[in-house]
There are 2 protein chains.
Amino acid sequence: MAVLHGALAKPPKLTLVVNWFWRKGARVEVPRLRQRGQDSGTTKVHLAELTPDLSTYLGTAAYLQLTIFENLSRAVATAPTMESKEAVSAAAALSLAKHHALTAEIQRHGLVASTVMDPNRAAIDRFQARTQGSDWFEALTSCFVTSGFLDDFFLRLAEGLPSDTAARVTAIMHKPSGEKVIADELLAAITANPRLASRLALWGRRLVGDTMLVARSSLVTSDNHDSDEARIEPVFTELIAAHTRRMDTLGLTA
Amino acid sequence: MAVLHGALAKPPKLTLVVNWFWRKGARVEVPRLRQRGQDSGTTKVHLAELTPDLSTYLGTAAYLQLTIFENLSRAVATAPTMESKEAVSAAAALSLAKHHALTAEIQRHGLVASTVMDPNRAAIDRFQARTQGSDWFEALTSCFVTSGFLDDFFLRLAEGLPSDTAARVTAIMHKPSGEKVIADELLAAITANPRLASRLALWGRRLVGDTMLVARSSLVTSDNHDSDEARIEPVFTELIAAHTRRMDTLGLTA
């Protein structure tokens, strides 16, 4: 994330509003576009009260990061050229380093990484299966979209952790990522073959739905649907705006 | 390698002799066993005169290391338990770090890693396809056998590089590897399911043949078959002895 923050700071032309879904049986509304003037403003919203316990937070964040690494390493193996292979290998190394920083944090709390990650395995493995893509371009777009969104999300959620842990986790999430490298690869691919753009834009829309679902399932909700919803919706609206800026950097419509 | 050196220092019960093959159309003799008393002694043999130029050496070593990483990352993705996934992810990180240390060395010489690795791609990709294995146990055995053998081989071959480069490359090759972690995983798997032993022993025999071929193809031979052969054979006999000790640590017959 950190690498691209500068580039992403420009305001988006459009933002997205989601009518947020609720628990089982809920559906994801197709995002509708609205004009920039209608933005709900820049009030910073917080998820802290919905942050799960430390073990669940760290287990989910660590296993998602491992999943992103697995996707990146598959992209290393299937890269069309040696240049791309080498570039993506650097992104994979950064992602794996982030995963191991999170497992080190787990151990710091006297917990065992594999035990703490295990309860999330089935759900995250399903997420991975749905987002792996049918070729190298889709796989790389997945890495770009899902890791960008999830890093943002877990950074927000870290605010609800005990403060010393929150500081360390925030530092981990801000470590250099491969986002710039991946964006460069995708931009080069789209420039070389402009017909990729519409396919990857569609794919990105599918990805953001799945990514929101997996993020959402990490939240600890209360019995009060309305107050939870009031917290969650603006945060996800901001995360989607960041996603839109990320797609903008590829010249793709979110 | 370095991790297991201590454990591997015990002498093997048997060593192997290979009648070495020669270039195209040559065949690999099935290794024959001979008694320890017949060992050819401990004279240190050298490959330095057959070391390829710097660019070829570094390109081959770096791409083989990337291939080993790809195999390890596939083993991360397909691990049967979260414990194994986490353990193998540490080995994958070490392997990828070694690859990037080699590409940093390539850059130090003003060369571009992807360019220097490219000429070896087709041959090494064939090697990877032949050695990837049909399940997690075979894949992990491949990582264990091929990385052990190739690290040994490229360490020997480093003696023929300019001395400052040789020192740095030797330091890279001696960096911690995931060999111990992988051996522990395989030992646990074989203990839990002893029927794996005969299949993995057979698989190991196939692997060492393919690994010797890819190692052999990195050597620069002269027009004098006999003098080349006199250098190569004892080195490979030693490398196979190390391989035998490695298989011993898993309780498998080489």
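Residues numbered from 1 in each chain as written. Chains lettered and ligands numbered in written order. Predicted model: local features only at pLDDT ≥ 70, side-chain atom pairs only at ≥ 80, totals over all residues. Heavy atoms only, no water.

With an unreviewed UniProt entry as reference, chain A is termed tRNA-(MS[2]IO[6]A)-hydroxylase MiaE-like protein, source organism Glaciihabitans tibetensis.

Student: I'd like a rundown of the pattern of salt bridges, residues and numbers included.
Tutor: In the structure shown here, the tally under the stated rule is 28 salt bridges over all chains. The shortest N-O distance in the salt bridge between A:Arg156 and A:Glu238 comes to 2.3 Å. Residue A:Arg156 is located in helix α6 (residues 136–158), and its partner A:Glu238 is located in helix α10 (residues 225–249); the two are separated by 82 residues in the primary sequence. Exposure remark for A:Glu238: the relative accessible area of 24% places this residue in the partly exposed category. A salt bridge links B:Arg206 to B:Asp210; the nearest nitrogen and oxygen atoms lie 3.1 Å apart. (Salt bridge = Lys/Arg side-chain N within 4 Å of Asp/Glu carboxyl O. Helix = DSSP H or I, 4+ residues; strand = E, 2+ residues; numbered from the N terminus. Buried < 20%, exposed > 50% of the residue type's maximum accessible area, 1.4 Å probe, protein only.)

Student: With reference to specific residues and values, describe the relation of the copies chain B and chain A.
Tutor: When chain B is fitted to chain A, the best match, at an RMSD of 0.0 Å, comes from turning it 180 degrees and sliding it 0.0 Å along the axis. Between the two chains, the operation in question is that of a two-fold axis. By C-alpha distance to the rotation axis, the residue of chain B lying nearest is B:Ser73, at 3.2 Å. The fraction of interface residues of chain B whose copies in chain A are also interface residues reaches 100%, indicating that both copies meet through the same surface. (Least-squares fit on C-alpha atoms with pLDDT ≥ 70 in both. Contact = heavy atoms within 4.5 Å.)

Student: So what about the packing of aromatic side chains? Which residues, and what values?
Tutor: All names here are of chain A. Under the definition given, this model contains 11 aromatic pairs over all chains. Taking 5.4 Å as the distance between ring centres and 70 degrees as the angle between the ring planes, the aromatic pair formed by Tyr-57 and Phe-154 counts as edge-to-face. Of this pair, Tyr-57 sits in helix α2 (residues 54–77) while Phe-154 sits in helix α6, placing them 97 residues apart in sequence. Through pairs of rings, three or more aromatic residues link up here, namely Tyr-57, Phe-149, Phe-153, Phe-154 and Phe-236. (Phe/Tyr/Trp six-rings, centres within 6.5 Å; stacked < 30°, edge-to-face > 60°.)

Student: Summarise the packing of helix α6 (residues 136–158) of chain B against helix α8 (residues 179–192) of chain B; cite the residues concerned and give the values.
Tutor: Axis angle and axis distance: for two packed helices, these are the angle between their axes and the distance between the axes, and together they describe the pair. Residues and elements named next belong to chain B. Between α6 and α8, whose axes approach to 10 Å, the crossing angle comes to 145 degrees. Judged by the sense of rotation from one axis to the other, the crossing of α6 with α8 is left-handed. Across from Trp-136, Phe-137, Leu-140, Thr-141, Cys-143, Phe-144 and Gly-148 in α6, the residues of α8 making contact are Glu-179, Ile-182, Ala-183, Glu-185, Leu-186 and Ala-189. (Axes fitted to C-alpha atoms, helices over the stretch in contact; angles between N-to-C directions. Left-handed = near helix turned anticlockwise from the far one by under 90°.)

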